[in-house]
Amino acid sequence: MKQEHAEVIEHQPIQGGYNLLVMHAPGIAPDVRPGQFVHVQVPHLNECVLRRPFSVFKTEGQRLAILYKDVGKGTRTLGNLRPGEGLNLIGPLGRGFPALQEGLYPVLVAGGYGMAALYQTARLLPVKGTAFFGGRTGGDILCVSEFENLGWDVRITTEDGSLGQAGRVTDALDPWMKNELGSREPELFACGPTGMLNAVADRALEQGWTAWISMDTNMGCGVGACLTCVVKVHDGRGGWSWARSCREGPVFECRELFREPANVTNRKSMP
Ligand SMILES: Cc1cc2nc3c(=O)[nH]c(=O)nc-3n(C[C@H](O)[C@H](O)[C@H](O)COP(=O)(O)OP(=O)(O)OC[C@H]3O[C@@H](n4cnc5c(N)ncnc54)[C@H](O)[C@@H]3O)c2cc1C
Ligand code: FES
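Residues numbered from 1 in each chain as written. Chains lettered and ligands numbered in written order. Predicted model: local features only at pLDDT ≥ 70, side-chain atom pairs only at ≥ 80, totals over all residues.

## Side note on the nonpolar core
In plain terms, the rule: Here, a nonpolar core denotes buried Ala, Val, Leu, Ile, Met, Phe, Trp, Tyr and Cys residues that are linked to one another through C-beta atoms within 7 Å. Between the buried cut of 20 or more and the exposed cut of 12 or fewer other C-beta atoms within 10 Å of a residue's own C-beta lies the partly exposed class, and all C-beta atoms are placed from the backbone. Every helix listed is a DSSP run of H or I at least four residues long, and every strand listed is a run of E at least two residues long, numbered separately from the N terminus. Note that the domain bounds reflect an automated or database-derived domain assignment. Once C-beta atoms are placed from the backbone, any two residues with those atoms within 7 Å are in contact.
In terms of nonpolar packing, the biggest core is built from 73 residues, with Val38, Val109, Ala190, Val200 and Ile213 touching the most fellow members. For this core, the element with the most residues is helix 6 (residues 194-207), which contributes six residues. Both of domain 1 (2-93) and domain 2 (105-263) provide at least three residues apiece to this core. What isoleucine 213 contacts, discounting residues up to four positions off in sequence, is Ala190, Leu197, Val200, Ala201, Val251, Phe252 and Cys254.

## Observations concerning the sheet that holds strand 13 (residues 210-214)
What counts here: Strand pairing is assigned whenever DSSP detects at least two bridges linking the two strands. Note on definitions: angles span 0 to 180 degrees between N-to-C directions of axes, and those axes are lines fitted to C-alpha atoms, for helices only across the stretch in contact.
Here seven strands make up an open sheet; going across it, the order is 11-10-9-8-12-13-16 and the pairing mixed. Both edges of this open sheet fall to strand 11 (165-166) and strand 16 (251-253), since each of them pairs with a single strand only. Looking at chain direction, strand 8 (residues 105-111) and strand 12 (residues 186-191) are connected through six bridges and run parallel. Residue pairing across strands places leucine 108 opposite phenylalanine 189, the latter belonging to strand 12. Each of strand 8, strand 9 (130-135), strand 12 and strand 13 touches helix 6; the most contacted strand, strand 13, lies at about 165 degrees to it.

## Re the sheet that holds strand 1 (residues 2-15)
Taken in spatial order, the seven strands line up as 4-3-7-1-2-6-5 in an open sheet, and their pairing is antiparallel. The sheet terminates laterally at strand 4 (52-55) and strand 5 (58-60), the two strands that pair on one side only. The average angle at which neighbouring strand axes cross in this sheet is 35 degrees, direction not considered.

## Notes on the confidence of the model for the protein chain
Condition: Per-residue confidence from the predictor is reported as pLDDT, which spans 0 to 100.
Of all residues in the protein chain, 95% have pLDDT values of 70 or greater, and the mean over the chain is 93. In this model residues 262-269 is a low-confidence stretch, pLDDT under 50, and it forms ten contacts with partners more than four residues away in sequence or in other chains.

## Focus: the domain arrangement of the protein chain
What counts is decided by this rule: The residue classification treats Ala, Val, Leu, Ile, Met, Phe, Trp, Tyr, Cys and Pro as nonpolar and Asp, Glu, Lys and Arg as charged. All others, Gly included, are polar.
Under the domain assignment, the protein chain is made up of domain 1 (2-93) and domain 2 (105-263). The distance between the C-alpha centroids of domain 1 and domain 2 comes to 22 Å. At the interface, 20 residues of domain 1 touch 18 residues of domain 2. Counting residues per element, the ones that place at least two in the side of domain 1 that touches domain 2 are strand 1, strand 3 (37-41), strand 4, strand 6 (63-69) and strand 7 (86-93). In terms of residue count, strand 6 provides more of the side of domain 1 that touches domain 2 than any other element does, three residues in total. Among the residues making up the side of domain 1 that touches domain 2, the classes are represented as twelve nonpolar, five polar and three charged.

## Let's talk about the environment of glutamate 187
Its location among the elements puts glutamate 187 in strand 12. A tally of 22 C-beta atoms within 10 Å means that glutamate 187 is categorised as buried. When the C-alpha positions of glutamate 187 and tyrosine 68 are compared, they lie 27 Å apart, and in sequence the two are 119 residues distant. The residues touching glutamate 187, leaving out its near neighbours within four places in the chain, are Leu100, Gln101, Leu104, Pro106 and Thr210.

## Structural notes on the environment of valine 32
Along the polypeptide, valine 32 turns up in the loop between strand 2 (18-24) and strand 3. Between the C-alpha atoms of valine 32 and leucine 118, which are 86 residues apart in sequence, the distance is 13 Å. Filtering out sequence-adjacent residues up to four positions away, valine 32 remains in contact with Val56, Thr59, Leu64, Gly91 and Pro92.

## Regarding helix 6
Convention followed: One less than the residue count of a helix, multiplied by 1.5 Å, gives the span that helix is expected to have.
In a regular helix each residue adds 1.5 Å, so 14 residues correspond to 20 Å; helix 6 covers 20 Å between its end C-alpha atoms and thus fits that length. Within the sequence span of helix 6, burial applies to Met196, Leu197, Ala199, Val200, Ala201 and Ala204. Along its buried surface, helix 6 packs onto strand 8, strand 9, helix 5 (169-179), strand 12 and strand 13. Looking one or two residues past helix 6, glycine 208 carries a phi angle of roughly 80 degrees, positive in sign.

## So, the pairing of strand 10 (residues 153-158)
What counts is decided by this rule: Here is how to tell: hold the view so the strands point away, follow the path from the first strand over the helix to the second, and if it runs clockwise the crossover is right-handed.
As defined by bridge partners, strand 9 adjoins strand 10 across six bridges and the pair is classed as parallel. In the strand pairing of strand 10, threonine 130 is matched with aspartate 153. In this fold, the crossover linking strand 9 to strand 10 by way of helix 4 (residues 144-150) has right-handed handedness. With two bridges joining them, strand 10 and strand 11 adopt parallel strand pairing. Residue threonine 157 lies in a different strand from strand 11, and its bridge partner there is glutamine 165.

Next up, the structure:
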């Protein structure tokens with residue numbers, strides 16, 4: 001983990017309120033593993049002391065890219081950054097997605113920025129499997145050609161039916177598991193909204209599949225000190241304990257997570 005003053009190389013809107021931010025970050029980019037994130041100090045956001053966490057979308061040599069959506073004051077202010085300007089990053093942070101287990105078939109499930117967060121995983125997994133992308137509308141479906149170019153079979157669902165199959169991501173996932181998976185055993189890698197993650201975990205727990213879930217919790221320090229990001233996990237003795245999403249996560253195997261409504265974060269604007 002390093003702290004670095006990165007320089008903006010490219011910054012442009014992509015679609016559906018998402019922006020691509022590419023930075024020169026030679027101290028951090030080469031060390032990023034799939035599913036890790038960077039904690040970004042948003043410049044010119046004087047009244048807000050906290051950094052904002054963003055999954056690393058791509059790294060190429062000393063370049064590091066994030067794909068982020070404008071959802072509030074931090075991300076809106078980030079949108080003003082121009083090429084040549086600098087911003088302070090801490091990273092790479094967290095425990096990302098692991099390597100695929102031998103003989104298993106990889107299945108990605110993503111909603112929202114989860115498509116960006118899973119790209120490095122999709123790139124590095126030795127077997128290219130099936131990726132399920134879900135969104136409210138077509139504009140929420142990101143990076144399809146990038147995944148297809150890597151050899152992934154991408155299945156799209158949108159709630160308004162404007163792209164792919166109408167419905168939720170599970171409306172495509174469930175019949176595929178039943179009719180097309182065949183004798184293969186899946187290993188799932190998921191990132192997206194909490195409801196979607198719960199749906200993936202439910203299915204994996206029911207069937208005994210391995211499912212890696214990237215938890216989207218609010219974060220303060222990002223480095224394990226403040227406990228803003230804790231989630232409940234099984235303690236191995238029949239009870240539960242807290243785990244820090246920024247250090248022990250954000251990726252957890254679904255059997256590690258202690259399932260109860262307390263795991264569903266009530267989001268508030270960060271100070
Ligand atoms: C590990 C991790 C990786 C992330 N990766 C990405 C990414 O690659 N791309 C991306 O666009 N976003 C990502 N996020 C979410 C991103 O951190 C938030 O959208 C951002 O911090 C919001 O800051 P803000 O100041 O604009 O919003 P705020 O003003 O703090 O909040 C505005 C609105 O956004 C909601 N919000 C706040 N934090 C989050 C959050 N963590 N997730 C969803 N909604 C939130 C608030 O409830 C509020 O309604 C990630 C979050 C985590 C924990
Ligand atoms: S964000 Fe501070 S401990 Fe995780």
